[in-house]
Amino acid sequence: PVFASIPEKADAPVARFGMSVSIIEYKPELVPSFIAPAGPRPGGDAVATLSVKNGGNADASAQYVVVPGIQNGRITGVTGEGWKCSRIGGLLAAGFSLCARNSVLKSGEESPTVSIKYDSLSSATKSLTLRAVSLVATDRGIAATRVSNLPVELRPALSFVVKGPD
């Protein structure tokens, strides 16, 4: 229940109403998702695509996606139409990539894709996990994040047996 009074008007009656109040915060909710058709062979390379869908109830004026390094793998390139991507770190650690897009992403829409080129560094590894984190500010200026993880099974290594004439 909500009870209201108007103190600046002395002759106004005090109003008391039994009602409920719903407060709705309008905010974008950017959910990243991967598509990786086939993992690389151990020691080989592959490409995955990443997009961001606005599942919130407000438009997002800008979108940011962070793609961290891969254990037993390496990201070799990140590009996307309408996105500005840059690689940060990578000499002493796995590093990460940051992509930014300043076009409005309306509620319910999906962004253009980002291509992520990556490779497997270990011939013993059976799978890699791709990760992405989306960042967006709510209408109150608070950063909100969503995470996407995609395990990618590596294709079997090629093997050959060469036989000579008998």
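Residues numbered from 1 in each chain as written. Predicted model: local features only at pLDDT ≥ 70, side-chain atom pairs only at ≥ 80, totals over all residues. Heavy atoms only, no water.

Colleague: So what exactly am I meant to see when it comes to the overall build of the protein here?
Modeller: A count of helical and extended segments in the protein gives zero helices and eleven strands. Going residue by residue from the N terminus, the α and β elements of the protein occur as β-β-β-β-β-β-β-β-β-β-β. Out of the 166 residues in the protein, the part that is buried amounts to 29%. The contacts of the protein with a sequence gap of at least 6 include a subset with a gap of at least 24, amounting to 69%. Put simply, the protein shows about 10800 Å² of open surface, and 56% of that area lies on carbon and sulfur atoms. (Helix = DSSP H or I, 4+ residues; strand = E, 2+ residues; numbered from the N terminus. Buried < 20%, exposed > 50% of the residue type's maximum accessible area, 1.4 Å probe, protein only. Contact = heavy atoms within 4.5 Å. Areas by Shrake-Rupley, 256 points an atom, 1.4 Å probe, with all protein chains shown as cover.)

Colleague: Looking at this model, I keep getting lost on the environment of Lys53. Mind explaining?
Modeller: Residue position: Lys53 is located in strand β4 (residues 45–54). In sequence terms Lys53 and Pro32 are 21 residues apart; their C-alpha atoms lie 6.4 Å from each other. Dropping the residues within four chain positions of it, Lys53 is found in contact with Glu29, Leu30, Val31, Gly108, Glu109 and Glu110.

Colleague: For this particular structure, what's the right way to read the nonpolar core?
Modeller: A general trend in soluble globular proteins is that nonpolar side chains are found buried together. With 24 residues, the main nonpolar core has Leu50, Ile116 and Tyr118 as its most contacted residues. When contributions to this core are tallied by element, the ones reaching two or more residues are β3 (30–35), β4, β5 (63–68), β6 (73–79), β9 (114–120) and β10 (127–137). With residues up to four places along the chain from it excluded, the contact list for Ile116 reads Phe34, Ala46, Val47, Ala48, Leu50, Val67, Ile75, Gly77 and Val78. (Core = buried A, V, L, I, M, F, W, Y, C linked by side-chain atoms within 4.5 Å.)

Colleague: Explain unusual backbone geometry to me, please; I cannot follow it from the model alone.
Modeller: Among all residues except glycine, the phi angle is most often negative; among peptide bonds, the trans geometry is most common. Even without being glycine, Asn72 reaches a positive phi, approximately 65°. By secondary structure assignment, the location of Asn72 is in the loop between β5 and β6. For Asn72, a relative accessible area of 38% corresponds to the partly exposed category.

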